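Remarks on the overall topology
Below, each chain spelled out in residue letters.
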Amino acid sequence: MPGEPVLAVDGLETIFLTRHGVVKAVNGISFALEAGKTLGLVGESGCGKTVTSLSLLGLIEPPGKILSGEVRLNGYNLLSLSQKQLRQVRGKEISLVFQNPMTSLNPVLTVGTQIIETIISHERVSRAEARQRALDLLTRVGLPYPEKLMKCYPFQLSGGMRQRAMIAMALALHPKVLIADEPTTALDVTVQAQILTELRRLQTEFNTAIILITHDLGVVAEMADEVAVMYAGSIVEYGGVIEVFENPGHPYTRALLRSVPHLDRKCETLEHIQGQPPSLLNIPDRCAFLPRCPVAVGECSGPRPPLEAVASKHMVACYQACKVRARELQPA
Ligand SMILES: Nc1ncnc2c1ncn2[C@@H]1O[C@H](COP(=O)(O)OP(=O)(O)O)[C@@H](O)[C@H]1O
Ligand SMILES: [Mg+2]
């Protein structure tokens, strides 16, 4: 059905119980994603992006714990499934590409074996058929000599080739949702651009929804339909990419956008965001950006601001941004 989300995350909360206290890595986030669309999830290192992606797949292990929330994929809640059921869903319905494919590819199996085994373990197809599909996939992610490549072990490939092989494997079962966690961060820019182009082509072909996790706003502008800006475990701004980039409401988003280099503004010095990202240990229930915020006023030290709509498909968690928008909307 058009407009129906394929993935809907509601109030996801993931913590780590450490010797020093509770790390609130993901602090009640919600978002939804339609088939074939891309959501860019951005934010500084340590803000909870990877913990979010692991939580969506039920891959949080002690001392981590998903405290609450729902992850609805096609209507059923992934977080209520057993480990056995989850294993069936992973790869088949929702799959993951990591920054470092060496941690996800099995070092002692050839690339071909890994893709073939992935297909055979989930679908009733012959080995010959699975092999043909693996070859086809490797070609489609832009890898030359797929026959030869099938016989290679991961360590024999370059970083870019490994990442492509990883994408081929993640898409082998045509999952409805692909989570790509910093998929090209470790690669140089030309390889990055090629891989992102391949990814987008495959997305169109399979109608895959993608959650693209990155700290690179340029990549988000290029690839995403919607963007969620994370700060200290929370989504502080969420909306259509063009709307958010043209009218950023949260002071953190504005600062992030100002820290991106522009070719047409060569002489300007790049701004950086004052202060340090907060520790997620024992965080108080108030605006986490407050200590770094240039526009904070007294009331900002109250309870954590909720995400509020400031325009159609645009939400901001900031008392000041919401007030400014409300004033703009007042009839003169
Ligand atoms: N196994 C763990 N034990 C304790 N804290 C963790 C663990 N894994 C992640 N964290 C904490 O969760 C927070 C979010 O981490 P992460 O999701 O990896 O950030 P990002 O991917 O945005 O860089 C960080 O403060 C990190 O220290
Ligand atoms: Mg990460």
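Scope of this entry: the structure provided in the associated data block. Note that the structure is a prediction, hence the values are computed from the model and not measured. (Residues numbered from 1 in each chain as written. Chains lettered and ligands numbered in written order. Predicted model: local features only at pLDDT ≥ 70, side-chain atom pairs only at ≥ 80, totals over all residues. Heavy atoms only, no water.)

**A word on the side chain of Thr14**
- Within the secondary structure layout, Thr14 lies in strand S1 (residues 5-18).
- Polar side-chain contacts of Thr14 include one of 2.9 Å to the side chain of Ser55.
- Setting aside residues no more than four positions away along its own chain, Thr14 makes contact with Val23, Lys24, Ala25, Val26, Val51, Ser55, Ile60, Lys65, Ile66 and Leu67. (Helix = DSSP H or I, 4+ residues; strand = E, 2+ residues; numbered from the N terminus. Polar contact = N/O pair within 3.5 Å; in protein donor to acceptor, adjacent residues only side chain to side chain. Contact = heavy atoms within 4.5 Å.)

**Considerations on the pattern of salt bridges**
- All chains considered together, the criterion is met by eleven salt bridges.
- A salt bridge links Lys176 to Glu93; its shortest N-O distance comes to 2.7 Å. Pair noted here: Lys176 is in the loop between helix H6 (159-170) and strand S7 (177-181) and Glu93 is in the loop between helix H2 (83-89) and strand S6 (94-97), with a separation of 83 residues, a long-range link.
- Note on Lys176: relative accessible area 31%, which makes it partly exposed.
- The salt bridge partner of Arg133 is Glu123, with a shortest N-O separation of 2.8 Å. Of the two residues, Arg133 is situated in helix H4 (residues 127-140) and Glu123 in the loop between helix H3 (111-122) and H4; the sequence distance between them amounts to ten residues.
- On the basis of relative accessibility, which here comes to 24%, the residue Arg133 falls in the partly exposed class.
- Judged by relative accessible area, which is 19%, Glu123 ranks as buried. (Salt bridge = Lys/Arg side-chain N within 4 Å of Asp/Glu carboxyl O. Buried < 20%, exposed > 50% of the residue type's maximum accessible area, 1.4 Å probe, protein only.)

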